[in-house]
Amino acid sequence: MKKLFTLAIGLILLTACVSAPSAPQTQPEPDSVSPTESQLTVPPASSSATGTTLYISATMHIETKFDSWPTDTEAFLNFLQQTTDAGIHWSIGGDIGWLQSADNAQEIVQRSAAMGVQWDNHAHSPNDFGKIAYILSSWGVTPTGVISGFLIKDFDGLQSSYSYQGYSWSPMVIWGGVVCPGHKDGCDDFSVSLYRPTSSLQFEIHDPAGQLIKLGGGSRQLADVESLAAEIAQGQHPYPVIGYTIMVEPETYRIATSPTDDINAILAFVDRMNAYPFVRWATIADTAQAWVNAGEAAFQISE
């Protein structure tokens, strides 16, 4: 997070006190399921010294591969309940293979949604968007307009809506984005960013007229969001809304790639972050809506 990218939006130039400013440059529903502003519960903003509000979300991705599946239903739901009670707002994505094949998928989706968890559309192929949305809806859970597991090369081919067996769903927010599958080095987006991408080739260039919002959630790690919060408290990154997402592995209940950051570390982290008056807890969808409400000041902070 040491390099700050500043970008121009239309004729308005946003500036920040950094040593080497650069950034994405400015250029860039189904009726039954696209989230609307009235459907989203956006926490009220609380400004830092620079007017910034940091929205922290949390996610899990349950992949088609069996080794990422939460096999102990009660332990998984208990983890979600404890962290939700602490203030975390969850955005979870279940891949098509898990949704169709896991014996406990429907129970997990329904019971977690009852405690406030939002379910995003996690797919590695746009061909699965409609079916995933349909499955969630058939279980009584309205999917958000957030997509994850998304290959940037597929951006140009995205449709405004996807349908399956009469049920329509529209994408609204891209969380992250990858240039190659498999989470290999250099594949995943680890920026902290909010803007509207232009195209597959110009994915980092902001298009104010773009239809989709891209939210880059950072490195997913607790220590890095704490560093970001400290920088905001010191007057850096003066954007009205910044979003960051921590990620937990659904099979271990630990922060992704961390051997030690378990529920105790996560709960202690929540307490530390609550000491900052400009921190708010929100889902990914609600973070994007807060950014829209605040005027869409586009930015990208690289990891």
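Everything below is about the structure printed above this text.
Only a predicted model underlies this, so the values are computations on that prediction, with no experimental measurement involved.

## Comments concerning the packing of helix 1 (residues 73-86) against helix 3 (residues 105-114)
Put simply, helix 1 and helix 3 touch, their axes get as near as 11 Å, and they point 25° apart. Judged by the angle between their axes, helix 1 and helix 3 are roughly parallel. Relative to helix 3, the crossing made by helix 1 is right-handed. Here Thr 73, Glu 74, Phe 76, Leu 77 and Leu 80 of helix 1 come into contact with helix 3, specifically with Glu 107, Ile 108, Arg 111 and Ser 112.

## A short note on the packing of aromatic side chains
Across all of its chains, the model carries 13 aromatic pairs by this definition. Judged by centre distance (5.9 Å) and plane angle (10°), the ring pair of Trp 98 and Trp 119 falls under stacked. Within this pair, whereas Trp 98 is found in helix 2 (residues 96-101), its partner Trp 119 is found in strand 6 (residues 118-122), the two being separated by 21 residues in sequence. Where Phe 269 meets Trp 281, the ring centres are 6.0 Å apart and the plane angle is 85°; that geometry is what we call edge-to-face. Note that Phe 269 is positioned in helix 6 (residues 263-273) and Trp 281 in strand 14 (residues 279-281), a separation of 12 residues in sequence. For Phe 269, a relative accessible area of 0% gives the class buried. A relative accessible area of 10% places Trp 281 in the buried class. Taken together, the aromatic side chains of Phe 76, Phe 79, Trp 90 and Tyr 253 make up a single cluster linked through ring pairs.

Thresholds applied
Along each chain, numbering runs from 1 in the same order as the chain's sequence is written. Only residues with pLDDT of at least 70 are given local features in this predicted model, and only at 80 or more are side-chain atom pairs given and counted; all residues enter the totals for whole chains, interfaces and linings. With hydrogens and water stripped out, all remaining heavy atoms of the structure feed into the side-chain values. An axis is simply a line fitted to the C-alpha atoms; with a helix, the fit covers only the stretch in contact. Between two such axes, the angle follows the N-to-C directions and lies from 0 to 180 degrees. Numbering goes from the N terminus for both helices and strands, where a helix is a DSSP run of H or I of at least four residues and a strand is a run of E of at least two. Any angle that is under 35 degrees is reported as roughly parallel, and any over 145 degrees as roughly antiparallel; angles of 65 to 115 degrees are reported as roughly perpendicular and all others as oblique. Put simply, a crossing is left-handed when the front helix is turned counterclockwise from the back one by less than a right angle, and right-handed when it is turned clockwise. We call two residues in contact whenever any of their non-hydrogen atoms come within 4.5 Å of each other. Planes of paired rings set the category: under 30 degrees apart is stacked, over 60 is edge-to-face and the rest tilted, where pairs are Phe, Tyr or Trp rings (Trp by its six-membered ring) whose centres lie within 6.5 Å. Accessibility here uses a 1.4 Å probe with only protein chains present; expressed as a share of the type maximum, an area under 20% marks a residue as buried, one over 50% as exposed, and anything in between as partly exposed.

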